[in-house]
Amino acid sequence: MSLVRPNIEAMAGYVPGEQPKEGEAVKLNTNENPYRASEKAYDAIRAVADRGLSRYPNAAGQAFREAAAEVYGVEPDWIMCGNGSDDILTILTRTFVGENQVLRLPYPSYILYKSLAEIQGARSEEVRFLDDWTLPDDFATPPKPDADAPHRVHSLGNVKPEDLKLVYLPNPNSPSGTRISNDQIMKIADSLPCPLVIDEAYADFAGENCVELVKKNPRVIISRTMSKSYALAGLRFGFMIARPETIAETFKVKDSYNCDALSIAAATAAIQDREWLAATTKKIVATRARLMTRMRELGFTVPESRANFTWNVFPNAGTLHKDLYSYLKQNGYLVRHMDYPGYGDGLRISVGTDEDTDRCLALVERYLNDVGRRSAGA
Ligand SMILES: *Cc1c(COP(=O)(O)O)cnc(C)c1O
């Protein structure tokens, strides 16, 4: 007889992207930033290390809350810090979703939300995006019987409207890179009976965000990360923007010292360096345009990306996506081959430096000219 909770035993567990050894491959697979973070972040880490680490950090990460509040025009008690935004998502799921209750997410999107539901022993309701990567009306309504929910991926069995406790929406979405408009999100938030968490991991690359919606609707919660746009994935720092009443509840759920002194200091310095962020995102957005254009010229379908990656699908691909992934890997370029049951597969390619992006594109072209035609069955 197993000693483990049945829902843990039944789950597969979230599998993060491959992290090869330093220098082994050019990483275009986990949407990290190809540039070095603000020097001010590194200076802040050195200053904390020099002062010493014998004391506990500020439990709320108050310095960061004040800096972020300034940036987003809210009060510090609208901000909560997390050990990466994955920590924020874990805290939110534990705060709102209990056993057998329902957590909704779009499909295909970030797989972690589903794992978080599984840990809680909750049910997840995956709602398929429409072909143009917008959301069907089902996404905004309380859960209905399977027969009335045509975009739902799996049966939910016996479901009551009040079972729905939390909705996740990554915006821009991964893997598509596409963005739902603030108007549509506001309509979704206004119709839902529960909180709506907008995961804005990639919002800095989109040129617009949903922060204003937190002020308009108390059910809207925003999750952010320093891992992508601030080039600090190794630091582990994320944060959330929500009404103070919500933040106060989530504080009861988080670990007392969920962020360490080094990461609080570095994240505070990084978020204050607005010049670095503007210059770096500008470069990435320019390279993204090049990547999208060239992949389309090479025959891929690429939805308009508002993030720091593109989603590339070759028509009637057969095994082409998987084979191309292997070919690129053999040649030192690691991209992400994503295969979503019931949806299909494709390649997600992170925006690198101009040089790395061009070399990757040259390899894709060479592959298509050499062997790709055969594996595509053309
Ligand atoms: C990368 C990513 C995150 C996780 O970020 P961390 O802060 O590094 O934990 C969250 N959500 C989405 C959609 C992501 O792609």
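The model shown is predicted, which means the values in this text are computed figures rather than measured ones.

Undergrad: So what about the overall build of the chain? Which residues, and what values?
TA: Looking only at helices and strands, one finds twelve helices and twelve strands in the chain. At 21 Å, the chain has a C-alpha radius of gyration in line with the 21 Å of a compact globule built from 378 residues. A principal-axis box enclosing the C-alpha atoms of the chain has dimensions of 60 × 60 × 50 Å. Relative to its full complement of 378 residues, the chain shows a buried share of 53%. A separation of at least 24 residues holds for 72% of the contacts in the chain among residues at least 6 apart in sequence. When the accessible surface of the chain is split by element, carbon and sulfur atoms take 50% of a total near 17000 Å². Between the centroid of the 45 positive side chains of the chain and the centroid of its 50 negative side chains there is a distance of 1 Å.

Undergrad: Would you mind going over a nonpolar patch on the surface in detail, with residue names and values included?
TA: Taken together, the side chains of Leu 3, Val 4, Ile 8 and Ile 119 present a nonpolar region at the surface, about 380 Å² in accessible area. Relative to the helices and strands, Val 4 is located in the segment before α1 (6-10). The class of Val 4 is partly exposed, set by a relative accessible area of 43%.

Undergrad: Give a detailed account of the sheet that holds strand β12 (residues 344-350), specifying residues and quantitative values.
TA: Taken together, three strands build an open sheet; the order of strands is β9-β12-β11 and the sheet is antiparallel. The sheet is open, and its two borders are formed by β9 (309-312) and β11 (336-340), each paired with just one other strand. For this sheet, the mean angle separating the axes of adjacent strands, direction not counted, is 25°. Bridging between β11 and β12 involves five bridges; their strand directions are antiparallel. If you follow Met 338 over to β12, its bridge partner there is Gly 346. Packing against the sheet, helix α11 (residues 320-330) makes contact with β9, β11 and β12, and its axis sits at approximately 30° to β12.

The rules behind these values
Residues numbered from 1 in each chain as written. Predicted model: local features only at pLDDT ≥ 70, side-chain atom pairs only at ≥ 80, totals over all residues. Heavy atoms only, no water. Helix = DSSP H or I, 4+ residues; strand = E, 2+ residues; numbered from the N terminus. Rg over C-alpha atoms; globule rule 2.2 N^0.38 Å. Buried < 20%, exposed > 50% of the residue type's maximum accessible area, 1.4 Å probe, protein only. Contact = heavy atoms within 4.5 Å. Areas by Shrake-Rupley, 256 points an atom, 1.4 Å probe, with all protein chains shown as cover. Lys, Arg positive; Asp, Glu negative; His and termini not counted. Charge placed at Lys NZ, Arg CZ, Asp CG, Glu CD. Patch = residues over 30% accessible without salt bridge, like charges linked within 9 Å, V, L, I, M, F, W, Y side chains within 5 Å. Salt bridge = Lys/Arg side-chain N within 4 Å of Asp/Glu carboxyl O. Pairing = 2+ DSSP bridges. Axes fitted to C-alpha atoms, helices over the stretch in contact; angles between N-to-C directions.

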